[in-house]
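Inside the fold
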Amino acid sequence: MRRNVSRSDAARGNVYQIGNVAERVGLSLRTVRYYEEAGLLMPVGRTVGGFRLYDADAIERLLLIRKMKPLGFTLEEMRSLLTLRDELATPDLAADTRAALQERLGTWVLLAEEKLSTLREQVSVAESFVGGLHDDAGRGGGSV
């Protein structure tokens, strides 16, 4: 659903240019474009000059992607989870459909918990390494 958006729309705060979005979520322009090309994000339109425009939903989506990234979610996993969340946000969803989607979301919760556990183990190893470096530095350059 691409549309040209006037400067007045942008001025009212309804949409944001890619640079504003990147700054708000702490990502580079290149990364925002990459996520768009990967199908994780869609601009709501473009300015007359061709600049991508995003809404508040896109910003929330990018913030969620940023949370998934450190856990090691692949692009395909991100895409699948985002699609599932979009489906769950559908108004007037049939109860049986909602229950099935919630069950699928439960599987994602377990996967995220596994990934978090792995990340915690990696942090523990890294902390041990840094501690060892501090110990080595405190010895004043003796042999290692």
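Residue numbers restart at each chain and count upward from 1, following the sequence in its written direction. Owing to the predicted nature of the model, reporting of local features is limited to residues with pLDDT of at least 70; listing and counting of side-chain atom pairs is limited to 80 or more, with chain, interface and lining totals taken over all residues. Heavy atoms from the whole structure form the basis of all side-chain values; hydrogens and water molecules are not counted.

Identification of the protein chain as MerR family transcriptional regulator from Candidatus Frankia alpina is taken from an unreviewed UniProt entry.

Let us now look at a nonpolar patch on the surface. Patch building starts from residues that exceed 30% relative accessible area and form no salt bridge, then joins like charges within 9 Å and nonpolar side chains (Val, Leu, Ile, Met, Phe, Trp, Tyr) within 5 Å. For the accessible areas, the method is Shrake-Rupley and the probe is 1.4 Å, while residue cover comes only from the protein chains on display. In the sections that follow, a salt bridge refers to a side-chain nitrogen of Lys or Arg positioned within 4 Å of a carboxyl oxygen of Asp or Glu. On the surface, Phe-129, Val-130 and Leu-133 cluster together into a nonpolar patch covering about 290 Å² of accessible area. Checked against the element boundaries, Phe-129 lands in helix H6 (residues 95–138). Buried, partly exposed and exposed residues are distinguished by accessible area as a fraction of the type maximum, computed with a 1.4 Å probe on protein chains only: under 20%, between the cut-offs, and over 50%, respectively. Using a relative accessible area of 55% as the deciding quantity, one classes Phe-129 as exposed. A run of H or I in DSSP counts as a helix once it spans at least four residues, and a run of E counts as a strand once it spans at least two, with each numbered from the N terminus.

What follows covers the nonpolar core. One broad trend across soluble globular proteins is that nonpolar side chains are buried collectively. What makes a nonpolar core is a set of buried Ala, Val, Leu, Ile, Met, Phe, Trp, Tyr and Cys residues whose side-chain atoms join them at distances within 4.5 Å. By size, the foremost hydrophobic cluster in this structure holds 26 residues, and its most contacted members are Val-32, Leu-40, Tyr-54, Leu-62, Ile-65 and Met-68. At the level of elements, helix H2 (18–25), helix H3 (29–37), helix H4 (56–68), helix H5 (75–88) and H6 are the ones that each hand at least two residues to this core. Setting aside its immediate chain neighbours within four residues, Leu-62 contacts Val-21, Val-25, Leu-27, Val-32, Tyr-35 and Leu-41. Whether two residues are in contact is decided by their heavy atoms: any pair within 4.5 Å suffices.

All right, on to H3 then. Each α-helix winds once per 3.6 residues, and so residues spaced three or four apart point in a common direction. Three or more residues of H3 are buried, namely Val-32, Tyr-35 and Glu-36. Projection of H3 onto a plane perpendicular to its axis shows the buried side chains occupying an angular sector of 105 degrees, all on one side. Turned more than 90 degrees away from the buried face of H3 sit Arg-30 and Glu-37, all of them exposed. For H3, the elements touching its buried residues are H2, strand E2 (45–46), strand E3 (52–54), H4 and H5. Following H3 by one or two positions, Gly-39 has its phi on the positive side, about 85 degrees. As used here, the arc belongs to the directions running from the helix axis to the C-beta atoms.

Close approach of charged atoms allows side chains with opposite charge to pair. Enumeration over the complete set of coordinates arrives at 6 salt bridges. Arg-52 serves as the salt-bridge partner of Glu-36, at 2.7 Å between the closest nitrogen and oxygen. You can see Glu-36 sitting in helix H3 and its partner Arg-52 sitting in strand E3, a full 16 residues away along the chain. In this pair, the class of Glu-36 matches that of Arg-52, namely buried.

Next up on the list: the confidence of the model for the protein chain. For the protein chain, per-residue confidence averages 90 on the pLDDT scale, and 88% of positions sit at 70 or higher. The low-confidence segment residues 1–10, where pLDDT is below 50, has 21 contacts with residues more than four positions distant or belonging to other chains. Confidence of the predictor at the level of single residues is captured by pLDDT, which takes values from 0 to 100.

Moving on, we get to H6. Any helix carries an expected span of 1.5 Å times its number of residues minus one. Between its first and last C-alpha atoms H6 spans 63 Å; for 44 residues at 1.5 Å apiece the expected length is 64 Å, and the two agree. The complete set of buried residues in H6 reads Leu-101, Trp-108 and Lys-115. Considering only its buried residues, H6 is in contact with H5. Residue Gly-140 follows H6 closely and has a positive phi angle near 75 degrees.

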